[in-house]
Amino acid sequence: MKQKVLIAILAATAISSSYSAPVAVENMQNQIKITTRPALVGLWGMPITENKKCTEYYNFRTNNDIFIRSGKEWSYGVYDYQPSLDPQLVPARLTLNIRYDNNEQDCSGIQEDQSGEVTRIAIKWHTASHISFCLEDEPNQCFATLKRIHP
C-alpha cells in the first residue's frame, strides 16, 4: 500500500514539474549579425601528382600550430589565418612560419631544410572542404589544391 501511495506522489510531482507557464517574449530586434566562415582548422591533404602514392598533409591546430608531413619530411611551425570579409574581392590570407624541418626527402623528391622560412599565401575557398593555395600577389595563380580529411 505504501508503494502505491509513493508511486502516486512521484507521478504527481513529475507531472506538475513538467508544466510551465507561458513566458511572454518581447519583440526585440536583434542587432547582432552572425557570419559563418569556413574554418581552416583541421587536417588537409594534397596529393602530389608526380608521385601518385604520396600525399602532403597540413594539420592546422586551433592554437595556430601547424604540422606538415610530406613523404619522409615533417615540419612544425605557426600560422596566421586572416579570413576575408568578401572572398569574391579579396582572398583569405595565410602566413606560415616554419620553425623546424627534419630535412628529409618530401613527396616531390626534394630534400630541403625549410626551418626559418616565412611564406605568405592567398587562399581560395571552393567549398568548406576544398581550398587552393595561390600566390599572394596573384591570387588567381594557384599552385596547390587541398581537400579536408578531418574537421
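Our subject in this report is the structure included herewith. (Residues numbered from 1 in each chain as written. Predicted model: local features only at pLDDT ≥ 70, side-chain atom pairs only at ≥ 80, totals over all residues. Heavy atoms only, no water.)

1. What to know about the overall build of the chain
Consideration 1: Scanning the chain from N- to C-terminus turns up one helix and eight strands.
Consideration 2: For the chain, the proportion of its 151 residues judged to be buried stands at 26%.
Consideration 3: A separation of at least 24 residues holds for 39% of the contacts in the chain among residues at least 6 apart in sequence.
Consideration 4: By element, 54% of the accessible surface of the chain is carried by carbon and sulfur atoms, the whole surface being about 11200 Å². (Helix = DSSP H or I, 4+ residues; strand = E, 2+ residues; numbered from the N terminus. Buried < 20%, exposed > 50% of the residue type's maximum accessible area, 1.4 Å probe, protein only. Contact = heavy atoms within 4.5 Å. Areas by Shrake-Rupley, 256 points an atom, 1.4 Å probe, with all protein chains shown as cover.)

2. Some words on the sheet that holds strand 7 (residues 130-135)
Consideration 1: Within the closed barrel, the eight strands sit side by side as 1-2-3-4-5-6-7-8. Their pairing is antiparallel. Strand after strand, the sheet turns through a mean of 35° between neighbouring axes, direction not considered.
Consideration 2: In this structure, strand 1 (residues 42-47) lies alongside strand 2 (residues 55-60), joined through six bridges in antiparallel fashion. When the bridges of strand 2 are listed, Gly45 appears paired with Tyr57. (Pairing = 2+ DSSP bridges. Axes fitted to C-alpha atoms, helices over the stretch in contact; angles between N-to-C directions.)

3. Some details on the environment of Gln88
Consideration 1: Mapped onto the elements, Gln88 comes out in the loop between strand 4 (73-82) and strand 5 (92-101).
Consideration 2: By relative accessible area, Gln88 is classed as exposed at 74%.
Consideration 3: Residues Gln88 and Trp125, spaced 37 residues apart in sequence, show a C-alpha to C-alpha distance of 9.9 Å.

4. With respect to the state of the cysteines
Consideration 1: Taken as a whole and judged by the stated rule, the model has two disulfides.
Consideration 2: In the chain, numbering the disulfide-bonded cysteines from first to last in sequence yields the connectivity 1-2, 3-4. (Disulfide = S-S within 2.5 Å.)

5. Re the nonpolar core
Consideration 1: Core analysis: the biggest nonpolar cluster contains 22 residues, and Leu40, Tyr58, Phe60, Leu94 and Phe133 have the highest contact counts within it.
Consideration 2: Elements with a contribution of two residues or more to this core: strand 1, strand 2, strand 3 (65-70), strand 4, strand 5, strand 6 (118-127), strand 7 and strand 8 (142-150).
Consideration 3: With four residues, strand 5 is the single largest residue contributor to this core.
Consideration 4: Apart from residues lying up to four places away in sequence, Phe60 is in contact with Leu40, Val41, Gly42, Trp44, Asp65, Ile66, Tyr79, Leu94, Leu96 and Phe133. (Core = buried A, V, L, I, M, F, W, Y, C linked by side-chain atoms within 4.5 Å.)

6. Let's talk about the side chain of Glu73
Consideration 1: Following the sequence through the fold, Glu73 ends up in strand 4.
Consideration 2: Although buried, Glu73 forms no salt bridge, and the nearest oppositely charged side chain, Arg69, lies 9.9 Å from it.
Consideration 3: Setting aside its immediate chain neighbours within four residues, Glu73 contacts Ile68, Asp101, Asn102, Glu104, Gln105, Asp106, Glu112 and Gln114. (Lys, Arg positive; Asp, Glu negative; His and termini not counted. Salt bridge = Lys/Arg side-chain N within 4 Å of Asp/Glu carboxyl O.)

7. Let's talk about the packing of aromatic side chains
Consideration 1: Tallied over the full model, the rule gives seven aromatic pairs.
Consideration 2: Taken together, a centroid distance of 5.9 Å and an interplanar angle of 75° make the contact between Trp44 and Trp125 edge-to-face. Residue Trp44 is located in strand 1, and its partner Trp125 is located in strand 6; the two are separated by 81 residues in the primary sequence.
Consideration 3: Residue classification places Trp44 among the buried residues on the basis of a relative accessible area of 0%.
Consideration 4: With a centroid separation of 6.4 Å and an interplanar angle of 15°, the aromatic rings of Tyr58 and Phe60 are classed as stacked. (Phe/Tyr/Trp six-rings, centres within 6.5 Å; stacked < 30°, edge-to-face > 60°.)

8. Some remarks on the pairing of strand 6
Consideration 1: Here strand 5 pairs with strand 6 via six bridges, running antiparallel. The residue of strand 6 that forms the bridge with Arg93 is Ala122.
Consideration 2: In terms of strand pairing, strand 6 meets strand 7 through six bridges, oriented antiparallel. Residue pairing for strand 7: Ala122 is matched across the bridge by Cys134.
Consideration 3: Between the end of strand 6 and the start of strand 7, which pair antiparallel, lie two residues.

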